[in-house]
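# Commentary on secondary and tertiary structure
In case you want the letters, here they are:
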Amino acid sequence: MDGVDLDRILSSEEPLSPSSGFAAGVMDAVRTASEQPPPLPFPWARFLPGVAACVIWAIAGVAVMQGIENDDALAIIAGRLAAVAPELGSVAVVLALCLMPIYGPRLTPRD
Amino acid sequence: MLAGDTAAFSAIVERWQGRLINLAWRFCRDRSMAEDMAQDAFVKAFKALATFRGEALFSTWLTALSLNCFRTSLRSRGPVTVNLDLWRPAGLEPSALTTIENRERDELVRQLVATLPPRYRDPMVLFYFQEMSVAETARVLGLPDGTLKARLSRARDLVGRRYAARMSDRKGSA
């Protein structure tokens, strides 16, 4: 079989006719698809503050650990933590303020 | 323009149903499966209609979208197998036998195309489907013309070799 035969065979196929109910079946499927609600978008508004909070807490943790890494007495860790507690508290307050516009409406009662 | 308009979309289905079924048929060689694949492609086209910007011909856009849909269906349904029924009724006239043998040969070649790896199968099917030009086939596949021609050439070689191997097996088993 040469290229000419191949061209002839592949170009000469008899076309299929659609089944009688094909178009109606397609339109039923299309209507069903159009009635489905659109897919939920990814919740970036919740995801990004969460990631930001994790990063801030990680940085704060590293800062705390760096402050105590040269000390060999675990007993002073509590004292160190106490010293940075106001900073951590400030971070927590800032985070809470950032998240409030997002989560606040969920906490208020609906009528 | 027609996004979300099911009534208007029915005109598209009426207009393009034959083309999509026949295109799907050339990929799977199974009528029922071809209609299922074409239906999936229409539903996908309906959902994606808003993304059609008119930069390409509607036929090019619909064919490219359908091709993606068919590839996904074919991947999930497993490989197409070559399956020819070699049974022949007894007492056939020589001319009738020749006709049957020619039809079997043609069908074997078409099935061999459907079983090629996708990178060779897709150009081959599209190029011969309604005699699309090299440029149009390349546009649908998103390939440069030269790459498409190379793949078509390689695909023809593969089909020719597989056909020869098949014939050799058949003679060996006869």
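Cut-offs applied
Residues numbered from 1 in each chain as written. Chains lettered and ligands numbered in written order. Predicted model: local features only at pLDDT ≥ 70, side-chain atom pairs only at ≥ 80, totals over all residues. Helix = DSSP H or I, 4+ residues; strand = E, 2+ residues; numbered from the N terminus. Buried ≥ 20, exposed ≤ 12 C-beta atoms within 10 Å, placed from the backbone. Contact = placed C-beta atoms within 7 Å. Core = buried A, V, L, I, M, F, W, Y, C linked by C-beta atoms within 7 Å. pLDDT = per-residue confidence, 0-100. Axes fitted to C-alpha atoms, helices over the stretch in contact; angles between N-to-C directions. Parallel < 35°, antiparallel > 145°, perpendicular 65-115°, else oblique. Left-handed = near helix turned anticlockwise from the far one by under 90°. Nonpolar A, V, L, I, M, F, W, Y, C, P; charged D, E, K, R; others polar. Expected span 1.5 Å × (residues − 1).

Attention now moves to the overall build of chain B. Assigned secondary structure in chain B consists of 7 helices and 0 strands. If you list the helices and strands of chain B from N to C, you get α-α-α-α-α-α-α. By the burial criterion, 29% of the 174 residues in chain B qualify as buried.

The next point concerns the overall build of chain A. Secondary structure summary: chain A contains 4 helices and 0 strands in total. Along its sequence from the N terminus, chain A presents helices and strands in the succession α-α-α-α. Residue burial in chain A is summarised as follows: out of 111 residues, 5% are buried.

Attention shifts here to unusual backbone geometry. A negative phi angle is the norm for most residues apart from glycine, just as the trans form is the norm for most peptide bonds. Of note in this structure, B:Arg29 is not a glycine but carries a positive phi near 60 degrees. Relative to the helices and strands, B:Arg29 is located in the loop between helix 1 (6–28) and helix 2 (31–48).

Let us now look at the interface of chain B and chain A. Facing 28 residues of chain B, the contacting portion of chain A comprises 21 residues. Breaking the side of chain B that touches chain A down by element, the ones donating at least two residues are helix 1, helix 2, helix 4 (94–114) and helix 7 (145–173) of chain B. Here the side of chain B that touches chain A takes 10 residues from helix 1 of chain B, the largest share from any one element.

Now for the nonpolar core. Core analysis: the biggest nonpolar cluster contains 43 residues, and B:Leu20, B:Ala24, B:Ala38, B:Ala41, B:Phe42 and B:Val113 have the highest contact counts within it. Of all the secondary-structure elements, those providing two or more residues to this core are helix 1 (3–11) and helix 2 (22–35) of chain A together with helix 1, helix 2, helix 3 (58–77), helix 4, helix 5 (118–128) and helix 7 of chain B. No other element matches helix 1 of chain B, which puts 9 residues into this core. Filtering out sequence-adjacent residues up to four positions away, B:Leu20 remains in contact with B:Ala38, B:Ala41, B:Phe42 and B:Ser66.

A few words now on the confidence of the model for chain B. All names here are of chain B. Per-residue confidence for chain B gives a mean pLDDT of 86; residues scoring 70 or more make up 90%. Mean pLDDT values for the elements of chain B range from 85 in helix 4 up to 94 in helix 2. ipTM for the predicted complex: 0.77, alongside a pTM of 0.69.

The N-to-C vectors of helix 2 of chain A and helix 2 of chain B enclose an angle of 40 degrees; their axes lie 9 Å apart at closest approach. Compared by their axis directions, helix 2 of chain A and helix 2 of chain B come out oblique. When you trace helix 2 of chain A past helix 2 of chain B, the crossing you get is right-handed. Side by side, helix 2 of chain A and helix 2 of chain B meet where A:Phe22, A:Gly25, A:Val26, A:Ala29, A:Val30 and A:Ala33 of the first sit next to B:Glu35, B:Gln39, B:Phe42, B:Val43, B:Phe46 and B:Lys47 of the second. A class-by-class count of the residues in the contact of helix 2 of chain A with helix 2 of chain B yields 8 nonpolar, 2 polar and 2 charged.

Before going further, it helps to examine helix 3 of chain B. All names here are of chain B. Across its 20 residues, helix 3 extends 28 Å between first and last C-alpha, which sits within 8% of the 28 Å expected from 1.5 Å per residue. The inward-facing, buried residues of helix 3 contact helix 1, helix 2, helix 5 and helix 6 (134–141). Gly78 sits one or two residues past helix 3 and shows a positive phi near 90 degrees.

Moving on, we come to the packing of helix 1 of chain B against helix 2 of chain B. Residue and element names in this part refer to chain B. One way to put it is that helix 1 packs onto helix 2 with a least axis distance of 8 Å and a crossing angle of 135 degrees. Between helix 1 and helix 2, the interaxial angle falls into the category oblique. Note that helix 1 runs across helix 2; the crossing there is right-handed. Touching Phe9, Val13, Gln17, Leu20, Ile21, Ala24, Trp25 and Cys28 of helix 1 are Arg31, Met33, Ala34, Glu35, Met37, Ala38, Ala41, Phe42 and Phe46, all from helix 2. Tallied by class, residues from the contact of helix 1 with helix 2 come to 14 nonpolar, 1 polar and 2 charged.

Here we take up the environment of A:Ala83. The residue A:Ala83 is located in helix 4 (residues 77–107) in this model. It is 9.6 Å that separates the C-alpha atoms of A:Ala83 and A:Val64, two residues lying 19 residues apart in sequence.

Here we take up the confidence of the model for chain A. For chain A, the average pLDDT comes to 80, and 84% of its residues sit at 70 or higher. Here helix 4 of chain A is the element of chain A with the lowest mean pLDDT, 76, and helix 2 of chain A is the one with the highest, 92.

Relative to the elements of secondary structure, B:Phe129 occurs in the loop between helix 5 and helix 6. Judged by C-beta crowding, with 20 C-beta atoms within 10 Å, B:Phe129 ranks as buried.

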